[in-house]
Every structure is written in structure tokens, then in C-alpha cells.
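Residue strings, one per chain:
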Amino acid sequence: MSGCPFAGNNYLFNFSKLSLEDGKDDKSQEGINKASKGGLVYGSYLQLNKILNAQELQSEKKGKRIHDEHLFIVTHQAYELWFKQILWELDSVRVIFQNGHVRDERNMLKVITRMNRISMILKLLVEQFSVLETMTALDFFDFRYHLSPASGFQSLQFRLLENKIGVPQSLRVPYNRRHYRDNFKGQDYELLLKSEQEPTLLQLVEAWLERTPGLDAEGFDFWGQFEVNVLKGLEEEFALVQAKPESEEKDDLLSEFQKQKDVLLSLFDEKRHEHLLSKGERRLSYKALKGALMIYFYREEPRFQVPFQLLTSLMDIDVLMTKWRYNHVCMVHRMIGSKAGTGGSSGYQYLRSTVSDRYKVFVDLFNLSTFLVPRHWVPKMNPTIHKFLYTAEYCDSSYFSSDDSD
């Protein structure tokens, strides 16, 4: 038997059913066109007339329209719209923390959702550079001189985002040897100053971590028990190494052990922590650091699963902000080389200096991995402690607050 296996009538599709002439039994056409009756429609709701007519090409105004300037404008406008959404989500999270509603687990889930949304937006913004990079350096050069003295540094929303998350003012890279705020005037300047005076996300998370149940000596006393276990564990490890026969391998093991010991014991040196805090090498208070480490160790406990998700999302945001800066640096280097920026900065050199831990807000959370220890060194919880951890926060009257967290 030869020919098409679908030639039989059983396999033929009746294309006459696609005809628009006989629509009596067409369920897809049973709707009602409500828009024909007037009222709010898509374009007016989104104010598309304003948005889609907001691309004013400077090259066109100067008499010679450059095609790729349109892409440049649209891409940056898209960035600013997403910055606005990030600030919207971030402000709502800060309000939840400030009002104490974060003690309600229902609101914690809301916080996690919004922080994850910020991460998703930042991922999109990191990838968006690839669209802009379809423009070559020569394409950009054709209209770049029309942009001066405008500069991406003048993005008010990005500076607000840095402030509200918690970039330390003392660690900011000066802009042409001046404070970053000096590049803004009027209302923009006032908004930046106000954002510097408000509680940052870092400060609010710090206060939340300091309330981690189980830290106080009257309760579980996690820190006290943990220090005892670490000292005991180090003694056991030292004994194992010492029992080995003299060799070059033993010398290496002793050297590695001493390094590990110094790192772990430094964790219990509060004065050293305060010194690092004063230098800007740490961001969280000593008690907040204890709370964060406790959440890390007990992340599989139901009581700490949501807090662990929050700490993870905070690191995700730091990582994505760093990736965004790095992609921005690479794109600028590709487009203008070592030329000065249109706003007057050193361009690539200035941007490169901002890709460092000084702009990483939750750097302490990344460094927690330095202090991870074998699981059997972590203090065990008995049923009484489990009960204590679950009631320590929930007995707070704010947990039963009926106020709207938004």
C-alpha cells in the first residue's frame, strides 16, 4: 500500500467549519462588545497617548533623524517604568516592616512575594541590555553628541532605589569628587535627602533579625550553646589531626585547622564585629548577625522557612543589582571606550568603580557561609524549645493586629 497515510476520510479535516459565514453554532462569537457602549477603554486606561508620544528624538529636532535614537529612548524609558514599579513594591515592604506587621506570618508571605517580584523585574532589566547592544558603537556615536549634558547618573529613581535599599552614604563613590546629591536640584534634591533620612530596608531587616526568637539567654540561648559546641568541635578536630603521624600532610592540615579556628572564633568576638562595622566591612548589628545565622542553621524548621526565603531574596536582589551594574559597565565600555560620559564623568572608569562590595547592601548574608559548621555542631532542639520558638513571637499583640498592612 502506498500514498499518503492520511488520505482516508477518517483523517480529513472539514475546513468548511472554519467559514465565518455560518456562525450560528460558533461559541467563540457569543460575547458582547461592551466597549461599543462607551466608557473606559484600553488606550485611555493606560494613557497610551502620553506614553507612545513621549519619544522626542533630539537628532530629529536638529534636522537629521538618527534611526537608533528611538531605540535608545524607548529602552531607557522602559528602565524608568520598571524602576517605578520596583520602588512601588519596595515602599510597600518597608511600610509592612515599619508598622510591625511583619510579625504576622501572613504579611511575611506578602513580603516574600513582593521581594521576589522585584527580583524578577531586575532579571528582566539585566537582560534588557542585550536589546540595547543590538545598536553598534558607531550607531550610538551618530547621535551621542545630542545628549550632553544628560546622563544616566541623573536617574532620580535609581538613586532613590539605592537609598531605600540601604547603600551606605559613606561608601558611595564620589561623582567628580562631589557628593552624588549635588548633581540634583530642587524637588529631586529634596526627595533624595528625604530618602536618606527614612529607615532603609537594611535597617528594617536588621531590627527584624534582632528579634529572632531563641537568641536570648532566657529562652533557647542559641548563641551560648553554639559557642560551646564550636569550641568542643574544634577540640575534637584538633585531636584528630594531632593523632596523625608527622608528615607534610599533617602540617598542611594543622595550618588549615588554625585558619578555620581563627575564622570561627572571630564570630564570637563582638568588639571585632563592631570594628568591622565602623569600617563599613559589615552592615548588620552583632545581634542581627546572630539572628541571621540562626535562621540559616534552622532553615528547615517550619518556624524559619519563610525568614530563610526572605534572606535568600535579599541576596538575590544584591546579586541582580551587581549584575545590572556590571552589564551597564560592559555596555558603556563597548559603546564609548574610555571617553568621558555625556554628563561629565570619567565614563567607563567611574562606572567600573561602582561594581564592588561597597554597593552590595546585604553583604553580611553572603558572608554567613564562612561560618557554616558540621550539622552536629548546631544546638539540638527538644520539644520544649520547639514550642518556645513558636510562641515567642506569636504572643506579641502585633501578631493579632487587624490593621491593613498596605
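This structure is a prediction, so every number in the text was calculated from the model and none was measured.

Rules used throughout
Residues numbered from 1 in each chain as written. Predicted model: local features only at pLDDT ≥ 70, side-chain atom pairs only at ≥ 80, totals over all residues. Heavy atoms only, no water. Helix = DSSP H or I, 4+ residues; strand = E, 2+ residues; numbered from the N terminus. Buried < 20%, exposed > 50% of the residue type's maximum accessible area, 1.4 Å probe, protein only. Contact = heavy atoms within 4.5 Å. Areas by Shrake-Rupley, 256 points an atom, 1.4 Å probe, with all protein chains shown as cover. pLDDT = per-residue confidence, 0-100. Core = buried A, V, L, I, M, F, W, Y, C linked by side-chain atoms within 4.5 Å. Phe/Tyr/Trp six-rings, centres within 6.5 Å; stacked < 30°, edge-to-face > 60°. Lys NZ or Arg CZ within 6 Å of the ring centre and 35° of its normal. Axes fitted to C-alpha atoms, helices over the stretch in contact; angles between N-to-C directions. Parallel < 35°, antiparallel > 145°, perpendicular 65-115°, else oblique. Left-handed = near helix turned anticlockwise from the far one by under 90°. Nonpolar A, V, L, I, M, F, W, Y, C, P; charged D, E, K, R; others polar. Salt bridge = Lys/Arg side-chain N within 4 Å of Asp/Glu carboxyl O. Expected span 1.5 Å × (residues − 1). 1 Å grid on protein atoms, 1.4 Å probe; cavity = no way out; pocket = protein on both sides within 12 Å on 5 of 7 lines; lining within 4 Å. Points joined across faces, edges and corners; volume = space filled by probe spheres on them.

Draft legend 1. Quick look at the overall build of the protein chain. The helix and strand inventory of the protein chain stands at 17 helices and zero strands. Within the protein chain, the proportion of its 406 residues that are buried is 40%. Considering only contacts in the protein chain between residues 6 or more positions apart, those separated by 24 or more positions represent 75%. Surface accessibility of the protein chain: about 24,200 Å² in total, with carbon and sulfur atoms responsible for 54%.

Draft legend 2. Local environment of the confidence of the model for the protein chain. Chain-level statistics for the protein chain give a pLDDT mean of 88 and a share of 89% at 70 or above. Ignoring residues within four places in sequence, the model shows residues 394–402, a span with pLDDT below 50, making 12 contacts including any to other chains.

Draft legend 3. Spotlight on the nonpolar core. Of all hydrophobic cores here, the largest spans 95 residues; its most connected members are Phe97, Trp208 and Phe226. Looking at this core, the element that brings in the most residues is helix 14 (residues 302–336), giving 15 residues. Not counting residues up to four positions away in its chain, the partners in contact with Trp208 are Phe97, Val102, Met108, Ile295, Pro307, Leu310 and Leu311.

Draft legend 4. Representation of unusual backbone geometry within the structure. Cis rather than trans, the peptide bond between Ser148 and Pro149 has omega equal to 5°. Summarising the element assignment, Pro149 is placed in the loop between helix 6 (137–144) and helix 7 (156–165).

Draft legend 5. Just the packing of aromatic side chains, in detail. A complete count under the given rule lists 26 aromatic pairs for this structure. Relative to Phe297, the ring of Phe226 has its centre 5.2 Å away and its plane inclined at 55°; by these criteria the two rings are tilted. With Phe226 in helix 10 (residues 222–242) and Phe297 in helix 13 (residues 286–297), this residue pair connects regions lying 71 residues apart in the sequence. Comparing Phe226 with Phe297 shows no difference in burial state: the two are buried. An aromatic cluster is defined as three or more aromatic residues linked by ring pairs; in this entry it consists of Phe220, Phe222, Trp223, Phe226, Phe268, Tyr286, Phe297, Tyr298 and Phe304. The ring of Phe308 carries Arg299 above its face, with NZ or CZ at 5.8 Å from the centroid.

Draft legend 6. Spotlight on the packing of helix 4 (residues 67–98) against helix 7. Here helix 4 crosses helix 7 at 25°, and the two axes come no closer than 10 Å. The angle between the axes of helix 4 and helix 7 places the two elements in the roughly parallel class. Here helix 4 runs over helix 7; the crossing is left-handed. From helix 4, Glu80, Phe83, Lys84, Ile86, Leu87, Leu90, Asp91 and Arg94 reach across to helix 7, where they touch Gln157, Phe158, Leu160, Leu161, Lys164 and Ile165. For the contact of helix 4 with helix 7, the per-class residue count stands at eight nonpolar, one polar and five charged.

Draft legend 7. The arrangement of the pattern of salt bridges in detail. Overall, the coordinates contain 18 salt bridges when judged by the stated rule. Between Arg178 and Asp182 there is a salt bridge, with the nearest N and O atoms lying 3.9 Å from each other. A cluster of three or more residues bridged by salt bridges with shared partners is formed by Asp91, Arg94, Lys164, Lys194 and Glu198.

Draft legend 8. Up close: helix 4. Between its first and last C-alpha, helix 4 extends 48 Å over 32 residues, near the 46 Å set by a 1.5 Å rise per residue. Once helix 4 ends, the next one or two residues include Gly100, with phi positive near 80°.

Draft legend 9. Local environment of the layout of surface pockets. Estimated volume of the largest pocket: approximately 1,200 Å³. When contributions to the lining of the largest pocket are tallied by element, the ones reaching two or more residues are helix 4, helix 5 (105–132), helix 6, helix 7, helix 14 and helix 15 (348–353). Per-class residue counts for the lining of the largest pocket are 22 nonpolar, 14 polar and eight charged. By volume, the second largest pocket amounts to about 340 Å³. Surrounding the second largest pocket, 15 residues form its lining, Phe297, Tyr298, Arg299, Arg375 and Val378 being those nearest its centre. Here the lining of the second largest pocket is composed, by residue class, of 10 nonpolar, no polar and five charged.

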